[in-house]
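# Residue-level structure breakdown
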Amino acid sequence: MAGILLEDIRKSFGATQVLKGVTVVMQPGEFLSLVGPSGCGKTTLLRIIAGLESADAGRVLVGGREVTGLRAADRDIAMVFQNYALYPHLTVAENLAMPLIMRRLTAPQRLPLLGRLMPGTRARRAEVAARVAEAAEALRIGHLLDRRPAQLSGGQRQRVALGRALVRQPRAFLMDEPLSNLDAELRASTRREIVELHRQAGVTTVYVTHDQVEAMTMSDRVAVMMGGKLLQLGTPREVYEHPCDLRVAAFLGSPRINTLPVLAGEGQVHLGPLALPVAAKAPPGARLTLGLRPEALCLGGPRGLPARVDHLEFLGAELLLHARLEAGQVSIIARLPVAEAAGLGIGASVTLAADWTAALLFDAEGRRIGAAAQHETLAHA
Amino acid sequence: MRPGPERSLLADLPRLLLLGFGALLVLAPYLWMLSASLKPGGEIFRDSLSLWPERFHALENYGKALREVPLLRFLLNGAVVCLAILALQLLFAVPCAYALAKLRWCGREAMFALVLAGLLIPAHVPALPLYAGFAAAGLLDSYAALVAPFAISVFGIFMFRQAFRSLPDELIQAARMDGMGELGIVWRVVLPNAWPTATAFATFSIVAHWNDLFWPLVVVQSPAMATPALGVLFFRAEEAGNDVGALMAASVIVTAPMVAFFLLAQRRFIQGVATAGLKG
């Protein structure tokens, strides 16, 4: 088990700056997700940790040891690739054994035929076989050991790829969107399984994904990256409830957070003619964005925000109500219990009440600024 | 008409006939050689055309071929030279091709351009300077002289490079993560996954050098070092100038290993192509 320290990592491909100075401190045994839209640099960062790519500037430390200049082979890190990258010409057992053979056997011992004659080879090979059997057992792929990757389903290949990483107990695991090639059902069960494997092995894990659900459900901490920068690093709850940037708020959560263009006022903010009871730490008149999660809205009495229903999405346990606010003609989505929305039709007039304590305010650059809900009712200015 | 095997056979008939005719055309000299090796001299040059000998003269022909010159020695020389050339070609071409296909380094494109340029030079162009070199080094009439000029095959580098390029980068990166060095990757991962190419290249190389007459003719004088093709030439020059039956028998013996090899490799080759075609 080893912590990972990334210090001011920079990387450019030609004229494109992919990483613009990323610093991350990972605790030993932590499960950290790098999440962000495609092209945000998360995979490049992972490959720099792995040693498959070298950074233009910055340092990588694994377990307190600087590995910046080391080859991938010498870093003792295992990686699961998006397309699994199993050796097509080897059986599952040989695939699992390869990392052990490369590390536990000496070069002469690895020679074909001749290696069998070297002293100690037999004992080492037996060790490797035992370890392979153990890992295969843990991943329930024991019955597949004689097959080749081409004869396996996507889910089975994925397990073999996990097994190949697990089998040698590395200092850290890196996973590059390992679930993206699986169907939805398999993805959900494998997600849980990876978390359990991590809990058992306790090995520091960096998990790259563009799927915020994966990042939120699996990780101890989530690192949200955008445009080659680390925007926020925190527990899933922190980054969801207290995003430091409008882009983070917009990226996490489905459906997306509602954003309302507002003007700062005295102890309140103004949305068109409406005064909303949120105090902004900003000079009056400043243009701000107010973020409000769909679950912070409910159908309210006469004092809510007046809106017209555009669209209804029935999800089973709940319902998404898409509406257009009369003030400012802004689209807004509310997540409602199904019973509450009974009888609503498209075009109906509703009023939406909000939990203003959950409101988030962002300045013109998208940076989070302080907001305090005021205990007063919504008033027409 | 409904689709079925009968119908497709009928539809394929013109194509089959055409291909069959082409194959016959290509095989005809070989068949004639085979038939002539079984006939006595007089029968070969009769003006009637018949493949089957009236009088079997096989024992005499093959016996003479094996007796007059050390044919088996020629075959052994051929095997040694071809295998040595193939081994060296693989030893150099595979890592070179890997470096050209999968590693990023300064000057890679220029180096590849040189490889392509090398493809354009016919083997006969450097023959004279090479001969002079071997003569100066006192290496004429040796395996070294037969093998060394072909140790590096630009064609092999080119062929393997094209094949290696289609391997996914992740496979190589996974091997690096597993702790392999670059040479380990070349021999343990890259080459085994380009098996059809390796088989095809081996076929090209072995057939070409087994049948090569030009270079052995330049550097070899003694029958002890002769390769099969050169051996047949010696045979004709020495004894059997006009014994065509025996000459044909010698030719059959000399080509037989190639035919056998080709049939075996072809099977392997098709297997390799079939499995490589599966989406894995």
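The rules behind each value
- Residues numbered from 1 in each chain as written.
- Chains lettered and ligands numbered in written order.
- Predicted model: local features only at pLDDT ≥ 70, side-chain atom pairs only at ≥ 80, totals over all residues.
- Heavy atoms only, no water.
- UniProt positions renumbered as here; feature names shortened; annotations may be inferred.
- Axes fitted to C-alpha atoms, helices over the stretch in contact; angles between N-to-C directions.
- Helix = DSSP H or I, 4+ residues; strand = E, 2+ residues; numbered from the N terminus.
- Parallel < 35°, antiparallel > 145°, perpendicular 65-115°, else oblique.
- Left-handed = near helix turned anticlockwise from the far one by under 90°.
- Contact = heavy atoms within 4.5 Å.
- Nonpolar A, V, L, I, M, F, W, Y, C, P; charged D, E, K, R; others polar.
- Pairing = 2+ DSSP bridges.
- Salt bridge = Lys/Arg side-chain N within 4 Å of Asp/Glu carboxyl O.
- Buried < 20%, exposed > 50% of the residue type's maximum accessible area, 1.4 Å probe, protein only.
- Patch = residues over 30% accessible without salt bridge, like charges linked within 9 Å, V, L, I, M, F, W, Y side chains within 5 Å.
- Areas by Shrake-Rupley, 256 points an atom, 1.4 Å probe, with all protein chains shown as cover.
- Domains from an automatic or database assignment.
- 1 Å grid on protein atoms, 1.4 Å probe; cavity = no way out; pocket = protein on both sides within 12 Å on 5 of 7 lines; lining within 4 Å.
- Points joined across faces, edges and corners; volume = space filled by probe spheres on them.
- Right-handed = clockwise from strand over helix to strand, strands pointing away.

In the annotation of an unreviewed UniProt entry, the entry for chain B reads Carbohydrate ABC transporter permease, and the organism field reads Roseicella aquatilis. Check the Sequence similarities (unreviewed entry) section of the UniProt entry for chain B; it says "Belongs to the binding-protein-dependent transport system permease family." Regarding chain B, the UniProt comment filed under Subcellular location (unreviewed entry) reads as follows: "Cell membrane".

Labelled according to an unreviewed UniProt entry, chain A appears under the name ABC transporter ATP-binding protein, originating from Roseicella aquatilis. Its UniProt record, at the heading Sequence similarities (unreviewed entry), says of chain A: "Belongs to the ABC transporter superfamily."

### Topic: the packing of helix 2 (residues 92–104) of chain A against helix 5 (residues 121–138) of chain A
All names here are of chain A. One way to put it is that helix 2 packs onto helix 5 with a least axis distance of 9 Å and a crossing angle of 135 degrees. Classified by the angle their axes make, helix 2 and helix 5 are oblique. Note on packing geometry: the crossing formed by helix 2 with helix 5 is right-handed. Between helix 2 and helix 5, the contacting residues are Ala93, Leu96, Ala97, Leu100, Ile101 and Arg104 on the first element and Arg124, Arg125, Glu127, Val128, Arg131, Val132 and Ala136 on the second. For the contact of helix 2 with helix 5, the per-class residue count stands at 8 nonpolar, no polar and 5 charged.

### Points about the sheet that holds strand 20 (residues 349–354) of chain A
Each strand in a sheet pairs with its neighbour through backbone hydrogen bonds, running either in the same direction (parallel) or in the opposite one (antiparallel). Residue and element names in this part refer to chain A. The strand order 16-20-17-18-19 describes an open sheet built from 5 strands, whose pairing is antiparallel. The sheet terminates laterally at strand 16 (297–299) and strand 19 (331–337), the two strands that pair on one side only. Going from strand to strand, the sheet's axes swing by 50 degrees on average, the running direction of each strand aside. Note: strand 18 (residues 318–325) against strand 19, 7 bridges, orientation antiparallel. Counted as the bridge partner of leucine 321 is alanine 334 from strand 19.

### Considerations on the pattern of salt bridges
All names here are of chain A. Using the criterion set out here, one finds 26 salt bridges over all chains in the structure. Measuring nitrogen to oxygen at the nearest pair gives 3.3 Å for the salt bridge that ties aspartate 8 to arginine 10. Judged by its relative accessible area of 33%, arginine 10 is partly exposed. Among the salt bridges present, the one from arginine 47 reaches glutamate 53, with a minimum N-O distance of 3.1 Å.

### Some details on the UniProt feature "transmembrane region" (unreviewed entry) in chain B
In this numbering, the UniProt entry assigns the feature "transmembrane region" (unreviewed entry) to residues 12–32, 74–100, 112–137, 143–164, 185–207, 213–235 and 247–265 of chain B. Secondary structure content for residues 12–32 of chain B is 100% helix and 0% strand, while the C-alpha to C-alpha distance between its ends is 29 Å.

### Things to note about the packing of helix 6 (residues 154–166) of chain A against helix 7 (residues 184–201) of chain A
Residue and element names in this part refer to chain A. Packing of helix 6 against helix 7 leaves a shortest axis separation of 12 Å and a crossing angle of 15 degrees. By the criterion of interaxial angle, the relationship of helix 6 to helix 7 is roughly parallel. Helix 6 and helix 7 meet at a crossing whose hand is right-handed. Contacts between helix 6 and helix 7 involve Gly155, Gln158, Arg159, Leu162 and Leu166 from the former and Leu186, Thr190, Glu193, Ile194 and Leu197 from the latter.

### Here's the deal with a nonpolar patch on the surface
A grouping of B:Leu9, B:Leu10, B:Leu13, B:Leu16 and B:Leu17 is seen on the molecular surface, where their side chains present a nonpolar patch of about 520 Å² in accessible area. The exposed category is assigned to B:Leu9, whose relative accessible area is 52%.

### Considerations on the domain arrangement of chain A
Per the domain assignment, the segments making up chain A are domain 1 (4–241) and domain 2 (255–362). One C-alpha centre belongs to domain 1 of chain A, the other to domain 2 of chain A; they are set 42 Å apart.

### Considerations on helix 1 (residues 42–50) of chain A
The buried fraction of helix 1 of chain A is high, at 8 of 9 residues. Of the residues making up helix 1 of chain A, those classed as buried are A:Lys42, A:Thr44, A:Leu45, A:Leu46, A:Arg47, A:Ile48, A:Ile49 and A:Ala50.

### What to know about empty space enclosed by the protein
Residue and element names in this part refer to chain A. Applying the stated criterion to the full structure yields 3 cavities of 30 Å³ or more. Taken as a whole, the largest cavity holds about 70 Å³ of empty space. If you go around the largest cavity, the residues you meet are Phe31, Leu162, Leu166, Phe173, Met175, Ile194, Leu197, His198 and Thr205. Those elements that provide at least two residues to the lining of the largest cavity are helix 6, strand 7 (172–176) and helix 7.

### What about the pairing of strand 8 (residues 204–209) of chain A?
Residues and elements named next belong to chain A. Counting buried positions over the 6 residues of strand 8 gives 6, a clear majority of the element. Of the two faces of strand 8, the one holding Thr204, Val206 and Val208 and the one holding Thr205, Tyr207 and Thr209 are both buried throughout. In terms of strand pairing, strand 3 (residues 31–35) meets strand 8 through 5 bridges, oriented parallel. Across the sheet, the residue bridging to leucine 32 is valine 206, located in strand 8. Examined bridge by bridge, strand 7 and strand 8 share 5 bridges and lie parallel to one another. Note that in strand 8 the partner of aspartate 176 across the bridge is valine 208. Between the parallel pair strand 7 and strand 8, the chain is carried across by helix 7, and the sense of this crossover is right-handed.

### Description of the sheet that holds strand 8 of chain A
Residues and elements named next belong to chain A. The 6 strands are arranged 6-7-8-3-9-10 in an open sheet whose pairing can be described as mixed. Only two strands of the sheet have a single neighbouring strand rather than two, namely strand 6 (77–80) and strand 10 (229–234). Strand after strand, the sheet turns through a mean of 20 degrees between neighbouring axes, direction not considered.

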